[in-house]
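Topology and contacts: notes
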Amino acid sequence: MADDVTRLERRRAAEVARRGRIFDVRRRVMGVDVPALELQVSERRRREETEVGVARALDALSLSHDQMYIQKQKDEEERKAELARDLVQYRAVHQRPEDSLDADLTCDLKGASMIAFSVPEWELGPASMQVFQVCRCLIGSGGRVGGSGCRVYATLRAMQGEGLREEDSRRAQMEETARTLRAQREESAKQRRERKHEELQAEMRMVQGDQRALRLQILEAECKRAARVALSSFNRAQAEEVRERQRKGKQLKEAEDRAEIAHTVTSDLLTECPDSAVRPGQEGAAWRVLTDRWKGLTAEQRGAILREREEQRAEGERRRAIDRRRELAWDSQWQEQGRAQEEAERRSREAERERRRQMDKYNQELSLSQRRHQQFLNKRLYTNQATDHYFSQFNSSSR
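Residues numbered from 1 in each chain as written. Predicted model: local features only at pLDDT ≥ 70, side-chain atom pairs only at ≥ 80, totals over all residues. Heavy atoms only, no water.

1. Brief notes about the overall build of the protein chain
Formally: In this description a helix means any DSSP run of H or I spanning at least four residues, a strand means any run of E spanning at least two, and both kinds are numbered starting from the N terminus. Accessibility here uses a 1.4 Å probe with only protein chains present; expressed as a share of the type maximum, an area under 20% marks a residue as buried, one over 50% as exposed, and anything in between as partly exposed. It only takes one pair of heavy atoms within 4.5 Å for two residues to be counted as in contact. All accessible-area figures derive from a Shrake-Rupley calculation using a 1.4 Å probe, and residue coverage is judged against the displayed protein chains alone.
Helix and strand counts for the protein chain stand at 10 helices and 2 strands. Seen in sequence order, the protein chain has helices and strands lined up from the N terminus as α-α-α-α-α-α-α-α-β-β-α-α. A burial count over the protein chain gives 7% of its 399 residues as buried. Counted over contacts in the protein chain with a minimum sequence separation of 6, partners at least 24 positions apart contribute 36%. With an accessible surface of roughly 36,100 Å², the protein chain has 54% of that area assigned to carbon and sulfur atoms.

As structure tokens, then:
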């Protein structure tokens, strides 16, 4: 029993909620779906929160990338500084200046006094590297090298090219200089002889060129003279040929002029022959009249033209009479058709008036029948009037 009451109450509550949803004017008229709108609002808020979270994540990722880049730059700088320190340490340990080959020159000449020579210094020649080394030591130390002043003087003399065999070297040098001078004199003499020989050859070539030019001038003058003679002969022959051609042309023109004068005198133009103005045409074609030779119509031609004109006038009168008769026939036919059309229109108007009269009579009968039927419905059939209680029983349930 309690279950039935609970079920009944639940059904009544569901009915009340359903009635509230169905009979709500806002929903029924405007069609507003509140749950759907709330769902859309919640989805939009969730989407905005998601976008904000994604933007924050991207900002954090960008910040972390920047920090990583800065840390990487710091590590790179530290690595470069460490490498520089290691390089300085390596140079300080393994590349000391005092361990180099020229330490005696770059390290305050600490080892310059320890130089030992395998031969005496006065026997060293000017091309000795040891002498150069000693000289460098002397120059670098300002002459403050261990040893006597004689050794320094001998070293300086060796640098200037002097030694124990100075006389022999000077003699050899003088002989070499004499040989060089003799060779230069011989070379100069040889060059002078060759230059003189070339000048003689050039003068001979110039003389030969002048002789050749003179012969060419003589030949050219002879050729010009022969060409002038040939040209004069050719011009005389051309002039003779032109005079002969002009003479023959003049004779031919005089003969043509005489023939033209004779033809003009005996032609139909001056004799005024009427037959000359007519030229027979081709087969089946009319004769042609030459307008430049036509002298006018003959009596027969004028008579034929007048007869033809009279015949044309009579033919025109006949055609005009036929046209007048045809126009009269058309006018009568149009009048008959007009009268028949007017009669047909009159009968059509009478038939339309009769049809309208019949339609008005039918409409009056139909209106009278409708009024009688409405009076029957209002006064006999529908006598009970509906009250508010009758209308309130509708839409009282959601089913």
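2. Considering the confidence of the model for the protein chain
Caution applies to low-pLDDT regions: their predicted coordinates should not be interpreted in detail. Quick note on the threshold: For every residue, the pLDDT score states the predictor's confidence, bounded by 0 at the bottom and 100 at the top.
Across the protein chain, pLDDT averages 78, with 73% of residues at or above 70. Below a pLDDT of 50 lies the segment residues 109-115, which in the model reaches 10 contacts outside its immediate sequence neighbourhood of four places, other chains included. pLDDT under 50 marks residues 130-164. Its contacts with residues more than four places away, or in other chains, come to 36 contacts.

3. Some remarks on a nonpolar patch on the surface
Test applied: Nonpolar side chains (Val, Leu, Ile, Met, Phe, Trp, Tyr) are joined into patches within 5 Å and like charges within 9 Å, using only residues with over 30% relative accessible area and no salt bridge. We define a salt bridge as a side-chain nitrogen of Lys or Arg found within 4 Å of a carboxyl oxygen belonging to Asp or Glu.
A surface patch of nonpolar side chains, about 270 Å² in accessible area, is lined by Val54, Leu58 and Leu61. Along the chain, the position of leucine 61 falls in helix H3 (residues 34-94).

4. Examining a negative patch on the surface
We apply this condition: For the purpose of charge, His is not counted, nor are the chain termini; Lys and Arg are scored as positive and Asp and Glu as negative. Note that the charge is assigned to NZ on lysines, CZ on arginines, CG on aspartates and CD on glutamates.
Residues Glu186, Glu187, Glu194, Glu198, Glu199 and Glu203 make up a contiguous surface patch of negative charge. Residue classification places glutamate 186 among the exposed residues on the basis of a relative accessible area of 57%.

5. What about the pattern of salt bridges?
Following the criterion strictly, the structure yields 22 salt bridges and no others. For arginine 313, the salt bridge goes to glutamate 310, with nearest N and O atoms at 2.2 Å. Taken together, the residues span about one helical turn, with arginine 313 and glutamate 310 both in helix H9 (residues 299-381) at a distance of 3 residues. Between arginine 346 and glutamate 343 there is a salt bridge, with the nearest N and O atoms lying 2.1 Å from each other. Of this pair, arginine 346 and glutamate 343 both sit in helix H9, 3 residues apart, which is roughly one turn of the helix. On the basis of relative accessibility, which here comes to 31%, the residue glutamate 343 falls in the partly exposed class. If you follow the salt bridges from partner to partner, you end up with Glu343, Arg346, Arg347 and Glu350 in one network.

6. Concerning H9
As a reminder, the rule being used: By definition here, a helix of n residues has an expected span of 1.5 Å times n minus one.
Between the first and last C-alpha of H9 there are 119 Å, a value that for 83 residues agrees with the 123 Å anticipated at 1.5 Å per step. Here H9 has its buried residues at Gly303, Gly316, Ala321 and Leu377.

7. Examining a positive patch on the surface
A contiguous patch of positive charge on the surface is contributed by Lys190, Arg192, Arg193 and Arg195. Residue classification places arginine 193 among the exposed residues on the basis of a relative accessible area of 55%.

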